Amino acid sequence: MRTLLLLASLLLLAQAQAPYAVEGVARYRGYYTLGSWEGVNPTARGEVLWDGLERASGKVCLKQAAWDSGNAERDRKALEILKAGEHPEACLYPKRAYREGPRFVVEGELEMAGKRLPVRVLGELREASGGLRFVGGFTTRFSQWGLERPRFLFLEVRDEVEVFLEAALRR
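This report concerns the structure included in the present document. (Residues numbered from 1 in each chain as written. Predicted model: local features only at pLDDT ≥ 70, side-chain atom pairs only at ≥ 80, totals over all residues. Heavy atoms only, no water.)

Describing the overall build of the chain
Phase 1: Across its full length, the chain holds two helices and 10 strands.
Phase 2: Traced from its N-terminal end to its C-terminal end, the chain shows the element sequence α-β-β-β-α-β-β-β-β-β-β-β.
Phase 3: Viewed in the frame of its principal axes, the chain has a C-alpha envelope of about 75 × 35 × 25 Å.
Phase 4: Out of the 171 residues in the chain, the part that is buried amounts to 39%.
Phase 5: Of all intrachain contacts in the chain linking residues separated by at least 6 positions in sequence, the fraction that spans at least 24 positions is 51%.
Phase 6: Measuring between centres, the 26 positive side-chain charges of the chain sit 3 Å from its 23 negative side-chain charges. (Helix = DSSP H or I, 4+ residues; strand = E, 2+ residues; numbered from the N terminus. Buried < 20%, exposed > 50% of the residue type's maximum accessible area, 1.4 Å probe, protein only. Contact = heavy atoms within 4.5 Å. Lys, Arg positive; Asp, Glu negative; His and termini not counted. Charge placed at Lys NZ, Arg CZ, Asp CG, Glu CD.)

Below you can see the structure in the form of structure tokens.
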């Protein structure tokens, strides 16, 4: 009986430490005086470990060249601003992931345009067919990254950019 309990405990621990394959979509929304625009990138892929309580690790990256705002000129300029030729991927490195009331929080670092900065993503984590589904977001600023703010016609866009994430996590 004792051996059976030990074996069951080891199996549960192994399941908790098993990696999740991650596939997802990132969206952003930028603002200027007369309105806003959005872009989408469906290339988020990676693998994360989560202990089911708080500790997390791994990496989820997306291809910078895949951003699509529906405007080729704007997308070309965005790739210049993001230095996508030198840094073709943006990657999230989770360090903590935990429930905070009804919300799910992922804390870690985001590497983009040659810099790596702390990030805190707020969202929801729910069970879904075949695994888990995360939906959340965060706000960042061009100035945090030392990036030039784009212009729309003669108007400079706001420093603040909203980022939305959707991901399926499967074992």
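Anyway, onward from the coordinates.
Considerations on the sheet that holds strand E3 (residues 56-63)
Phase 1: Strand order around the closed barrel formed by eight strands is E1-E2-E3-E4-E5-E6-E7-E10, with antiparallel pairing between neighbours. In this sheet, neighbouring strand axes are inclined to one another by 30 degrees on average, regardless of whether the strands run parallel or antiparallel. (Pairing = 2+ DSSP bridges. Axes fitted to C-alpha atoms, helices over the stretch in contact; angles between N-to-C directions.)

Some words on the state of the cysteines
Disulfides are covalent bonds that connect the sulfur atoms of two cysteines.
Phase 1: Within this structure, the stated rule accounts for one disulfide.
Phase 2: With its sulfur 2.0 Å from that of its partner, Cys61 forms a disulfide with Cys91. One disulfide, between Cys61 and Cys91, carries an S-S torsion of 110 degrees and so falls in the right-handed class. In this pair, Cys61 sits in strand E3 while Cys91 sits in strand E4 (residues 89-100), placing the two residues 30 residues apart along the sequence. Here Cys61 matches Cys91 in class, with each residue buried. (Disulfide = S-S within 2.5 Å.)

Quick notes on the nonpolar core
Phase 1: Within the largest apolar cluster, 39 residues are counted, with the highest numbers of intra-cluster contacts made by Phe104, Met112, Val121, Phe134, Phe138, Leu147 and Leu169.
Phase 2: Of all elements in the fold, only strand E1 (20-32), strand E2 (35-50), E3, E4, strand E5 (103-112), strand E6 (115-128), strand E7 (131-141) and strand E10 (160-170) reach the threshold of two or more residues within this core.
Phase 3: Those residues in contact with Leu169 that lie beyond four places of it in its chain are Tyr20, Ala21, Val22, Val48, Gly130, Gly131, Leu132 and Phe134. (Core = buried A, V, L, I, M, F, W, Y, C linked by side-chain atoms within 4.5 Å.)

Quick look at the pattern of salt bridges
Phase 1: The tally for this structure, following the rule as stated, stands at 18 salt bridges.
Phase 2: Between Arg76 and Glu73 there is a salt bridge; the shortest N-O distance is 2.4 Å. Taken together, the residues span about one helical turn, with Arg76 and Glu73 both in helix H2 (residues 72-81) at a distance of three residues.
Phase 3: Of the charged contacts, one joins Glu124 and Arg126 as a salt bridge, the two residues approaching to 2.8 Å between their closest N and O atoms. (Salt bridge = Lys/Arg side-chain N within 4 Å of Asp/Glu carboxyl O.)

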